[in-house]
Amino acid sequence: DMLILSREALVRIARHAWHVYPQEAFGYLLGTPDAASIHAALPCSRTHDWQTRADRWNGIEPHLPAAEATAAEFGLAVVGLYRSCSDWLPPSPERLDPLSNSTRLLLVYRTICCKSCSNYRLFRGDTPLDPRSDYAIPAGRRAEPQLNGRRIHQAWRRRIGPIDYDNHDTS
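Analysis parameters
Residues numbered from 1 in each chain as written. Predicted model: local features only at pLDDT ≥ 70, side-chain atom pairs only at ≥ 80, totals over all residues. Heavy atoms only, no water. Disulfide = S-S within 2.5 Å. Phe/Tyr/Trp six-rings, centres within 6.5 Å; stacked < 30°, edge-to-face > 60°. Buried < 20%, exposed > 50% of the residue type's maximum accessible area, 1.4 Å probe, protein only. Helix = DSSP H or I, 4+ residues; strand = E, 2+ residues; numbered from the N terminus. Pairing = 2+ DSSP bridges. Contact = heavy atoms within 4.5 Å. Axes fitted to C-alpha atoms, helices over the stretch in contact; angles between N-to-C directions.

**Q** Got a minute to help me understand the state of the cysteines in this structure?
**A** As used here, a disulfide is simply a covalent bond connecting the sulfur atoms of two cysteines. One pass over the full model with this rule turns up zero disulfides. Free cysteine Cys114: the closest other cysteine sulfur is in Cys117, separated by 3.6 Å.

**Q** It is not clear to me how the packing of aromatic side chains should be interpreted in this structure. Could you clarify?
**A** One pair of aromatic rings is described through two measures. These are the centre distance and the angle between the planes. Considering all chains together, one arrives at four aromatic pairs under this definition. Geometrically, the ring pair formed by Trp18 and Tyr21 is tilted, given 5.2 Å between the ring centres and 35 degrees between the ring planes. On the basis of relative accessible area, Tyr21 is assigned to the partly exposed category, the value being 31%. Ring plane angle 50 degrees and centroid distance 5.5 Å describe the contact between Phe26 and Trp57, whose orientation is recorded as tilted. Of this pair, Phe26 sits in strand E2 (residues 25-31) while Trp57 sits in the loop between strand E3 (37-46) and helix H2 (60-73), and the two are 31 residues apart along the sequence. Accessibility expressed as a relative area gives 0% for Phe26, which makes it buried.

**Q** Sorry, what's going on with the sheet that holds strand E1 (residues 3-5) here?
**A** What holds strands together in a sheet is hydrogen bonding between their backbones, with the strands either parallel or antiparallel. Taken together, eight strands build an open sheet; the order of strands is E7-E6-E5-E4-E2-E3-E1-E8 and the sheet is mixed. Here the strands that pair on one side only, and so sit at the sheet edges, are strand E7 (127-128) and strand E8 (135-136). Inspection of the sheet shows E1 paired to E8 by two bridges, in the parallel sense. Its bridge partner lying in E8, Leu3 is registered against Tyr135. Taken strand by strand, H2 contacts E2, E3 and strand E4 (77-85), and its axis lies near 30 degrees from that of E2. Packing against the sheet, helix H4 (residues 149-160) makes contact with E2 and E3, and its axis sits at approximately 35 degrees to E3.

Shown next as structure tokens:
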């Protein structure tokens, strides 16, 4: 079956990535419980030390119950995670996904020089998915009209509070 990836989720991920650049952004992917679609992205946190990225995935495990509750409120499930980077890393599940699971989805958004040049890769476990045969992005903003990404994000923010988008760049 073809996975459906909401354009609205991709836009949220790109915004998060560019707001915190050059640090890495990361968060949750919400989709149908059978992981046949991704409807929303929930920004969680970012790295603090952009040179070492020693704190990658900070906040992911502690915020998982809130992400699951937000997903359940809309009949969805946490089906994976996303992260941004400025270079491609080998798709090693233990390095890329702290909640490693062979069926979990991982979207890696790569910030290059600008938003139009940036791109992403989608993985199921450590297997890259092919955009021509494994997943599709519907023509509209949403995969399903009744699932509003903005409302999902508002419910998320009510649970966890404001999200720190400051990259602390002092240059």
